[in-house]
Amino acid sequence: MTEPTLEPGKGAGGAPKKPPGAGKPAPRKRAAAGPRRWPAVLLGLVLLGAAGLLLLAYGAVLLWPRLPDLNEVTDYRPDLPLRIYTAQGTLIGEFGVQRRAVIPYDKVPLQLKQAVLAAEDSRFFEHGAIDFAGVARAALADFGAGGAVQGASTLTMQVARDFYLSPEKTPLRKLVETLLAYKIENTLSKEQIFDRYINQVYLGQRAYGFAAAAQVYFGKPVTELSLAQFAVLAGLPQAPSAYNPQTNLKLAVWRQHYVLGRMLALGDITRAQYEQALAAPLNVASGQGVLHYSVQADFAAETVRRIMVARFGESAYTDGYRVTTTLLDRDQNAATAAVRAGVISYDRRGGWRGPEGHVAIDDAAAVRAALKNRPVVGGLHAAVVLDVTPGGVQLLNRSGEQITVAGAGLDFCRAGLSPRAPQARRLQRGAIVRLRQLDGHWQITQLPQVQSALVSMQPSTGAVQAWVGGFDFAHEKFDHVNQAYRQPGSSFKPFIYSAAVALGLAPSTIIDDAPLSINPGPGQPLWQPRNYEGRFEGRMPASTALAKSDNVAAVRVVLAVGVPYARLHASQFGLPLQQIPPYPTMVLGAGSFSPLQMARAYSVFASGGYLVQPHLITRVADARGRVLYRWSQPALGSADAPRIISAGNAFLLTTMMQDVIRRGTGAAARVLGRDELAGKTGTTSSFRDAWFDGFDHNHVAIAWVGFDQPRSLGNGMQGAAVALPIWIDYMRAALQGSSNTPWAVPPDVVQLPIDPSTGFASLSPGGSTQPSYFLQQYPPLDGSMAHAAGARSNAATAPFVVLPSPGIMPGGQ
């Protein structure tokens, strides 16, 4: 502290000073000694400074040979996370201890360069390793404030510290930092030093470098940020935790204003740009340190991560591998939106269950903790009820914003507003609920309990176009696309019909939907399959039986072809044999398969009979861009994409599944206005699982809905009611830009006139006829054999037509 200056004749407080020895004889005055001591003091200071310089020089001489080499800076290879991209190059996942994305100097936006220099070292390109003018300026500022208030570290000194030194503040470390800065300045250009700084500096939330920080704090690439956002990032190096815009927006804005002011003073921006940046919204990404992506594909990214770690071990997290997937941006976003909308729609049918928790509204810390521990799930935001009034419900969300929900926004939870509502369902002060924004208005809703999955692949290549393994990965990481093995219900029937087609069944083959009893074995009760509606409709074509998902007809088909053959045939679609039960119930979906397995199986129909392998990765490159793996498409018909059914078989099943949409259980899909769409609904016993498996020329999409712990979705919750709407929403986007192309008739299929009442060839020109497709080697029998076939059906020993002869599959007992 500076001593106060004393005026002659006055004390420290400015009061008159009483002369010493007042009232006594004045002693003889001695000569003043001060002026005589100044030369000695100055000489001492000079000698002390010289000694200090000699000591520093001696230390530098001793330390210089012991300084680390600069390989880490010159051959810059930082730990880089595993980064995963869509086919269009959109980032969808990043895995590593450090979040870092290296951006070359010439790719750094100019305004970001200017903001960083304005905040940290405005004379960087003018001075050497040390900015002596900056040191003097900092010293004066510190002296005036009576303490350290301004630093004098240059960017080069910060690079030395970031690469080689600890953050401790000691004279020895400062000396080593200075020496390293000189060494770096003599080795690298200014542009290279700036490149190292902007990619290495720590900016909070595990983000190293400005490119990574842009993704963490604003959820987009650094090249897409605004001047206002650049200024926020540029203010972070001084104190990343204090100026974190996600946790302390007020301080972050204060620091941003300082950076913008410096840019204005340096002439980097105009007054108009300055004012505009001050007023511009920051749009800080929600969540603390949570990476935000424009395409949400967490389940697919996690699958890729597992593949990479299995291949490269822990180095997958540090060596900067870049993986390009097959996912399509539009398809992935459409699938995510479709799954979430479908799950919420189903959940709302069940009504309001009540708040997900309660908190003491007067305990501010408890309220903050309750909201902090409840992140956004599938677009549903946590909020605490502050008050319930006739005019609406006041709530507080995670960002501290107060929201009022009224009118239609309360429709879903209105049962909880009644004073007679049970305590568990009542909406009152302190209740923790979820908010959903729809068309600009908030609604009170709840977290759904049901789960869903959607996977889509290109049938001729196996390229996965969309992969959504659940409602929200952050809420539940179990991937229902490839980890959930559920009963497929009637969506399994096409594989059994395909087995019958291989033996001669045609879409026009008549099957008798009549009561059927099966003896499963000694001591076992008779099995009597039933249809969903509980009634029997008699004789119908096979295409109608599949379109209506008739259970009894399907059982007749599997019995006609034989259970062993049907089981083996179905397994050729890539469905593991051990997952297919060796009983007639297999045709009703008694096995268990994942949506990904079902997508592969259905791709056989869409590809014309070939079994392709689904794949998610097309390219793997290292940090230097060297390609380590590139997927190559196998030729259809090769060992990697074998033909497992004939083109005619695939075509006939496709036409039958087109009828599912045209006039069967999938009729709701007609809203898409596409003639080529084909598919099959699936519903399991007691409505535990709901499916829709459908395709066109370029997409095989599987939608599934169910609970993790299997239980009923509710009476009437069939695949058509629950899963099909999700499939429709996805396909509406996926089909954009594609043509409505009919399925080409393959060479092994013929179209002939038949009598629709019998399924036999029509011989009478004047009779009722209609065209029907047949495999070329199995044309329809002529009508003269109908009586014989019917007679044979009455024999107790032969209740079913033995294929390959097409025609009637009559009823029996």
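Everything below is about the structure printed above this text.
Quick summary incoming for the structure in this document.

Definitions and cut-offs
- Residue numbers here run from 1 along each chain, matching the order of that chain's written sequence.
- Residues qualify for local features only when their pLDDT is at least 70, as the model is predicted, and side-chain atom pairs are given and counted only at 80 or more; totals for whole chains, interfaces and linings, by contrast, use all residues.
- Side-chain numbers here rest on the full set of heavy atoms in the structure, without hydrogens or water.
- Helix and strand assignments come from DSSP, with helices taken as H or I runs of at least 4 residues and strands as E runs of at least 2, each series counted from the N terminus.
- Buried, partly exposed and exposed residues are distinguished by accessible area as a fraction of the type maximum, computed with a 1.4 Å probe on protein chains only: under 20%, between the cut-offs, and over 50%, respectively.
- Pairs of residues are marked as contacts when any of their non-hydrogen atoms sit within 4.5 Å.
- Each accessible area is a Shrake-Rupley result for a 1.4 Å probe, and residues are judged covered by the shown protein chains and nothing else.
- In this scheme, strands are said to pair when DSSP sees at least two bridges between them.
- Orientation is described by axes fitted as lines to C-alpha atoms, over the contacting stretch for helices, and by angles from 0 to 180 degrees between their N-to-C directions.
- Note that the term roughly parallel is reserved for angles under 35 degrees, roughly antiparallel for angles over 145, roughly perpendicular for angles of 65 to 115, and oblique for everything else.
- Polar here means any residue outside two lists: the nonpolar Ala, Val, Leu, Ile, Met, Phe, Trp, Tyr, Cys and Pro, and the charged Asp, Glu, Lys and Arg; Gly therefore counts as polar.
- Throughout this description, the term nonpolar core refers to a set of buried Ala, Val, Leu, Ile, Met, Phe, Trp, Tyr and Cys residues connected via side-chain atoms within 4.5 Å.
- Salt-bridge detection follows one rule: a side-chain nitrogen of Lys or Arg within 4 Å of a carboxyl oxygen of Asp or Glu.
- Any two of the Phe, Tyr and Trp rings considered here, Trp counted by its six-membered ring, make a pair once their centres fall within 6.5 Å; the pair's planes then place it as stacked at under 30 degrees, edge-to-face at over 60, or tilted in between.
- Over a ring means this: the NZ of a Lys or the CZ of an Arg is within 6 Å of the ring centre and within 35 degrees of the ring normal.
- Between N or O atoms, a polar contact is any pair within 3.5 Å; within protein, one atom must be a potential hydrogen donor and the other a potential acceptor, and residues adjacent in sequence are included only when both atoms are from side chains.
- The span one expects for a helix is its residue count, reduced by one, times 1.5 Å.

Turning our attention to the overall build of the protein. Secondary structure assignment for the protein yields 23 helices and 23 strands. Looking at the protein as a whole, 50% of its 813 residues qualify as buried. Looking at the protein alone, contacts between residues at least 24 apart form 69% of all its contacts between residues at least 6 apart. Summed over its atoms, the accessible surface of the protein is roughly 37800 Å², and 56% of this surface lies on carbon and sulfur atoms.

Attention shifts here to the sheet that holds strand E2 (residues 91–95). The 5 strands are arranged E2-E1-E5-E16-E17 in an open sheet whose pairing can be described as mixed. Looking at the sheet topology across the chains shown, the edges are occupied by E2 and strand E17 (627–630). For this sheet the average axis-to-axis angle between neighbouring strands, irrespective of direction, equals 15 degrees. As judged from the 3 bridges shared by strand E1 (residues 82–85) and strand E5 (residues 322–325), these two strands associate in the parallel manner. Across the sheet, Ile 84 pairs through a bridge with Val 323, a residue of E5. Against the sheet, helix H12 (residues 298–312) engages E1, E2, E5, strand E16 (617–621) and E17, with an angle of about 45 degrees to E2.

Two elements in contact, helix H15 (residues 493–502) and helix H18 (residues 563–571), have axes whose closest approach is 9 Å; the angle formed by their N-to-C orientations is 110 degrees. For the element pair H15 / H18, the angle class is roughly perpendicular. In this structure, H15 uses Phe 495, Ile 496, Ser 498, Ala 499 and Ala 502 to contact H18, whose residues at the interface are Tyr 565, Ala 566, His 569 and Ala 570. Grouping the constituent residues of the contact of H15 with H18 by class yields 7 nonpolar, 2 polar and no charged.

Our focus in this paragraph is H18. By the burial criterion, the buried members of H18 are Val 563, Ala 566, His 569, Ala 570 and Ser 571. Of the surrounding elements, those touching the buried residues of H18 are H15, helix H17 (551–561) and helix H20 (647–663).

This paragraph deals with the nonpolar core. By size, the foremost hydrophobic cluster in this structure holds 86 residues, and its most contacted members are Trp 467, Phe 492, Phe 495, Tyr 497, Phe 605 and Phe 695. By residue number, the principal contributor to this core is helix H19 (residues 595–607), which donates 8 residues. Here Phe 605 is in contact with Pro 494, Phe 495, Ser 498, Phe 573, Ile 645, Ala 650, Leu 653, Thr 654, Met 657 and Phe 695, once residues within four sequence places are set aside. In terms of nonpolar packing, the next biggest core, distinct from the first, is built from 58 residues, Val 73, Ala 119, Phe 194 and Ala 234 among them.

Below, the discussion takes up the pattern of salt bridges. Applying the stated rule across the entire model yields 23 salt bridges. The partner of Glu 302 in a salt bridge is Arg 305, with the nearest N and O atoms 2.7 Å apart. Linking Glu 302 with Arg 305, this pair stays in helix H12, spanning 3 residues, or about one helical turn. The exposure class of Arg 305 is buried, given its relative accessible area of 17%. With its nearest N and O atoms 3.9 Å apart, the salt bridge here joins Arg 429 to Asp 362.

A separate point is the packing of helix H3 (residues 110–120) against helix H10 (residues 249–265). It is the contact of H3 with H10, at a shortest axis distance of 8 Å, that shows an interaxial angle of 100 degrees. For the element pair H3 / H10, the angle class is roughly perpendicular. Across the interface between the two elements, Gln 111, Gln 114, Ala 115, Ala 118, Ala 119 and Glu 120 of H3 pack against Arg 255, Val 259, Arg 262 and Met 263 of H10.

With that settled, consider the pairing of strand E20 (residues 700–706). Side-chain direction in a regular strand flips from residue to residue, so the side chains alternate between the two faces of the sheet. Among the 7 residues in E20, 7 count as buried, and that is most of the element. The two faces of E20 match: Val 700, Ile 702, Trp 704 and Gly 706 on one face and Ala 701, Ala 703 and Val 705 on the other face are all buried. Where strand E12 (residues 451–457) meets E20, 7 bridges bridge the pair, whose relative direction is antiparallel. Bridge pairing in E20 places Leu 454 opposite Ala 703. Between strand E19 (residues 689–695) and the antiparallel strand that follows it, E20, lie 4 residues.

Take the pairing of strand E9 (residues 402–405) next. Alternating residues of E9 divide into Ile 403 and Val 405, all buried, and Gln 402 and Thr 404, none buried. Of the pairings in the sheet, the one linking strand E8 (residues 392–397) to E9 comprises 4 bridges and is antiparallel in character. Paired with Leu 395 across the strands is Ile 403, a residue of E9. Following E8, the chain reverses through 4 residues before pairing antiparallel with E9; Gly 400 in that reversal takes a positive phi of roughly 85 degrees.

Let us look at unusual backbone geometry. In this model, Ser 686 sits at a positive phi of 60 degrees, which is unusual for a non-glycine residue. Here Ser 686 is to be found in the loop between strand E18 (678–683) and E19. Here the phi dihedral of Phe 687 falls at roughly 60 degrees; this positive angle occurs in a residue that is not glycine. Turning to its location among the elements, Phe 687 is positioned in the loop between E18 and E19. Since its relative accessible area comes to 14%, Phe 687 is described here as buried.

In total, this model carries 21 aromatic pairs according to the counting rule given. Considering the side-chain rings of Phe 495 and Tyr 602, the 5.5 Å spacing of their centres and the 80 degrees angle between planes classify their relative orientation as edge-to-face. Taken together, the residues span a long stretch of sequence, with Phe 495 in helix H15 and Tyr 602 in helix H19 at a distance of 107 residues. In this structure, Phe 495 and Tyr 602 share a single accessibility class: buried. Note on Tyr 602 and Phe 605: the rings are 5.9 Å apart at their centroids and 80 degrees apart in plane angle, and the pair reads as edge-to-face. Of the two residues, Tyr 602 and Phe 605 both sit in helix H19, 3 residues apart, roughly one turn of that helix. Taken together, Phe 492, Phe 495, Phe 573, Phe 593, Tyr 602, Phe 605, Phe 695 and Trp 743 form an aromatic cluster joined through their ring pairs. Here the basic side chain of Lys 190 rests over the ring of Phe 124, its NZ or CZ set 4.2 Å away from the ring centre.

Attention shifts here to the environment of Arg 330. Positionally, Arg 330 belongs in helix H13 (residues 329–349). A relative accessible area of 39% means that Arg 330 is categorised as partly exposed. Sequence separation of Arg 330 and Ala 734 is 404 residues, and the distance between their C-alpha atoms is 7.3 Å. With residues up to four places along the chain from it excluded, the contact list for Arg 330 reads Ala 733, Ala 734 and Gln 736. A polar side-chain atom of Arg 330 sits 3.4 Å from the main-chain carbonyl oxygen of Ala 733. Here Gln 736 takes part through its backbone oxygen, which lies 3.0 Å from a polar atom of the side chain of Arg 330.

With 15 residues, H12 should reach 21 Å at 1.5 Å per residue; the first-to-last C-alpha distance of 21 Å fits that figure. Along H12, the positions that sit buried rather than exposed are Phe 299, Ala 300, Ala 301, Glu 302, Thr 303, Val 304, Arg 305 and Met 308. Of the surrounding secondary structure, the elements contacted by the buried residues of H12 are E1, E2, E5, strand E13 (464–468) and E16.

This paragraph deals with the side chain of Arg 674. Take Arg 674: it is sitting in the loop between H20 and E18. Classification of Arg 674 as buried rests on a relative accessible area of 14%. A polar side-chain atom of Arg 674 sits 3.2 Å from a polar atom in the side chain of Ser 738. At 2.7 Å, the side chain of Arg 674 forms a polar contact with the backbone oxygen of Ser 739. With near-sequence residues (within four places) excluded, Arg 674 lies in contact with Leu 735, Ser 738, Ser 739 and Asn 740.

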